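Inside the fold
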Amino acid sequence: MSVHNVVISGTGLYTPANSISNDELVASFNAYVQQFNADNAEAIARGEVEALSESSSGFIEKASGIKSRFVIDKEGILDPLRMVPRIPERSNEDWGILCEMAVGAAKEALQRAGKTVADIDGVIVACSNLQRAYPAVAIEVQAALGIQGWGYDMNVACSSATFGIQAATTAIQTGQARAILMVNPEICTGHLNFRDRDSHFIFGDAATAVIIERADLATSNHQFDVVGTKLLTQFSNNIRNNFGFLNRAAEEGIGARDKLFVQEGRKVFKDVCPMVAELIAAHLAEHQLNVSDVKRFWLHQANLNMNLLIARKLLGRDAEPHEAPVILDTYANTSSAGSVIALHKNQDDLPAGSLGVLSSFGAGYSIGSVILRKR
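As annotated in an unreviewed UniProt entry, the chain carries the name Beta-ketodecanoyl-[acyl-carrier-protein] synthase and is attributed to Ectopseudomonas toyotomiensis.

So, on to the nonpolar core. By size, the foremost hydrophobic cluster in this structure holds 45 residues, and its most contacted members are Ile280, Leu284 and Phe297. Mapped onto this core, the elements with two or more residues apiece are helix H1 (22–39), helix H8 (265–286), strand S11 (294–299), helix H9 (304–315), strand S12 (355–362) and strand S13 (366–374). No other element matches H8, which puts nine residues into this core. Apart from the residues lying within four places of it in its own chain, the contact partners of Leu284 are Leu289, Asn290, Val291, Val294, Val357 and Ile371. Core analysis: the second largest hydrophobic core is formed by 34 residues, Ala171, Met182, Tyr331 and Ala342 among them.

On to unusual backbone geometry. At the junction of Tyr134 and Pro135, the peptide bond is cis and its omega measures out at 0° in the coordinates. Following Gly364, the chain continues into Tyr365 via a peptide bond in cis, with omega recorded as -5°. Structurally, Tyr365 can be placed in the loop between S12 and S13. Phi is positive for Gln288, close to 55°, though the residue is something other than glycine. Take Gln288: it is sitting in the loop between H8 and S11. Look at Ser335: it is not a glycine, yet its phi comes out positive at around 55°.

Below, the discussion takes up the packing of aromatic side chains. By the definition in use, this model includes seven aromatic pairs. Between the aromatic rings of Phe59 and Phe201, the centroid separation amounts to 5.9 Å while the plane-to-plane angle is 90°, which identifies the pairing as edge-to-face. Pair noted here: Phe59 is in helix H3 (residues 57–64) and Phe201 is in the loop between strand S6 (179–187) and strand S7 (205–214), with a separation of 142 residues, a long-range link. On the accessibility criterion, Phe59 (26% relative accessible area) is partly exposed. Since its relative accessible area comes to 4%, Phe201 is described here as buried. A ring pair is formed by Phe224 and Trp298, whose centres lie 5.8 Å apart and whose planes are at 90°; its orientation type is edge-to-face. Of this pair, Phe224 sits in strand S8 (residues 224–233) while Trp298 sits in strand S11; the two residues are 74 residues apart in sequence, bridging distant segments of the chain.

Further remarks concern the side chain of Asn184. Locating Asn184 in the fold gives a position in strand S6. Apart from residues no more than four positions distant in its own chain, Asn184 is found in contact with Ala126, Ala161, Ala206, Ala207, Thr208, Ser336, Ala337 and Val340.

Moving on, we come to the UniProt feature "domain: Beta-ketoacyl-[acyl-carrier-protein] synthase III C-terminal" (unreviewed entry) in the chain. The UniProt feature table records "domain: Beta-ketoacyl-[acyl-carrier-protein] synthase III C-terminal" (unreviewed entry) at residues 284–373. The distance from the first to the last C-alpha atom of residues 284–373 is 12 Å, and the span holds 30% helix and 24% strand.

The next thing to look at is the pairing of S11. When you tally the buried positions in S11, you get five out of six residues, the bulk of the element. Judged from the five bridges that link them, S11 and S12 form a sheet pairing that is parallel. By the bridge assignment, Val294 is partnered in S12 with Leu355.

According to UniProt, the positions carrying the feature "domain: Beta-ketoacyl-[acyl-carrier-protein] synthase III N-terminal" (unreviewed entry) are residues 152–218. The span residues 152–218 carries 21% helix and 33% strand; its end-to-end C-alpha distance comes to 24 Å.

Val137, Ala138, Glu140, Val141, Gln142 and Leu145 are the residues of helix H6 (residues 137–145) that are buried. Buried residues along H6 sit in contact with helix H5 (97–113), strand S4 (122–126), strand S5 (150–154) and S6. Following H6 by one or two positions, Gly146 adopts a phi angle in the positive range, close to 80°.

Moving on, we get to the environment of Val183. Mapped onto the elements, Val183 comes out in strand S6. Once the C-alpha coordinates of Val183 and Pro325 are considered, the two residues, 142 residues apart in sequence, prove to be 21 Å apart. For Val183, the residues in contact, after removing those within four places along its chain, are Ala102, Ala106, Val123, Ile124, Val125, Ala126, Thr208 and Ala209.

Across the sheet, which stays open at both edges, the nine strands sit in the order S5-S4-S6-S7-S1-S8-S13-S12-S11 with mixed pairing between neighbours. Two strands close off the open sheet at either side, each with one partner strand: S5 and S11. When the angles between neighbouring strand axes are averaged without regard to direction, this sheet yields 25°. Pairing of S8 with S13 involves nine bridges; the strand directions are antiparallel. In the strand pairing of S13, Leu231 is matched with Gly368.

If you trace the backbone, Thr208 turns up in strand S7. Setting aside chain neighbours within four positions, we find Thr208 in contact with Gly12, Leu13, Ala105, Met182, Val183, Asn184, Ala337, Val340 and Ile341.

Between H8 and H9, the shortest axis-to-axis distance is 9 Å and the interhelical angle comes to 40°. When the interaxial angle is binned, H8 and H9 end up oblique. In this structure, H8 meets H9 at a crossing whose hand is right-handed. Along the contact surface, H8 presents Val268, Phe269, Val272, Cys273, Pro274, Val276, Ala277, Ile280 and Ala281, while H9 presents Asn305, Met306, Leu309, Ile310, Lys313 and Leu314. Tallied by class, the residues present in the contact of H8 with H9 amount to 13 nonpolar, one polar and one charged.

Conventions used here
Residues numbered from 1 in each chain as written. Predicted model: local features only at pLDDT ≥ 70, side-chain atom pairs only at ≥ 80, totals over all residues. Heavy atoms only, no water. Core = buried A, V, L, I, M, F, W, Y, C linked by side-chain atoms within 4.5 Å. Buried < 20%, exposed > 50% of the residue type's maximum accessible area, 1.4 Å probe, protein only. Helix = DSSP H or I, 4+ residues; strand = E, 2+ residues; numbered from the N terminus. Contact = heavy atoms within 4.5 Å. Phe/Tyr/Trp six-rings, centres within 6.5 Å; stacked < 30°, edge-to-face > 60°. UniProt positions renumbered as here; feature names shortened; annotations may be inferred. Pairing = 2+ DSSP bridges. Axes fitted to C-alpha atoms, helices over the stretch in contact; angles between N-to-C directions. Parallel < 35°, antiparallel > 145°, perpendicular 65-115°, else oblique. Left-handed = near helix turned anticlockwise from the far one by under 90°. Nonpolar A, V, L, I, M, F, W, Y, C, P; charged D, E, K, R; others polar.

If you want it as structure tokens, here you go:
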């Protein structure tokens, strides 16, 4: 059996129309805090209820590096009486909202790759926040675009994109497909607790798309050889979301805090940063490459301090801005889409032959590394 060389030939991005600044988010959060403390003043005075603390834009930026985030719905999030995005249900006969976002990103990826839907044999929707169990969103995206072939969903939390690229690469190497569309539609604000001071600012919404195809069939001006992929998972409860269809079978848990995003942020930072640096270094060594050979690191955009530390561990010094570009200041953490946004917006300036590493990391724990070389 022949093994085909594989390239990434196009990337795409869908961004919602609405953006929320830190100042806007803080104003909403603090209004909620003030009302909560006023409503519970007597219980707080008796020591029965703990008073809530206000947030600030300075605290958010220092803790995360985030300045704003794009969101699928702004009004519902900023309403102190609601603090949840308002996303109306759609008829089963209409394309779902994740499908709509994925198609938007896919069209740009197809255009950059110089491909039509007739060239695509498979669709992988890889993301953290699927809106339903079935039918697969990937099959819906396939239908909406008019792609013949197959599709499936996968979820490895924030690492879903790199795991999706690895799955697509294997399928193409072994001749199961000529080209695969891998998309990452993320409505992260749907599972975020906007009344939690430690996390209400973390996430934004976006969708990304990547075309992975046989190198001998690629014609685009934006090609990267997939030099290698490496994956790692290690079980941890430090990032978790317990929302699911079994919740209805345990009424006592409905609406509990753990049915939204929860994390032990300091533990995640301590655990994950060295794991990511070690995995990337080992991956490069397996391909007889040095860290100094890498011109760009497209890292998962969860937290600025994490990215700075990982780059420092790898390089032995602080990274220059162009070496590890940051997009989370504008987009916030978009889960699986983050590292692909960094790649999408920071690739065209690289000269041919440049080496880069796309890496994501998150709940699981899960870590993915993809070594790329610009053609």
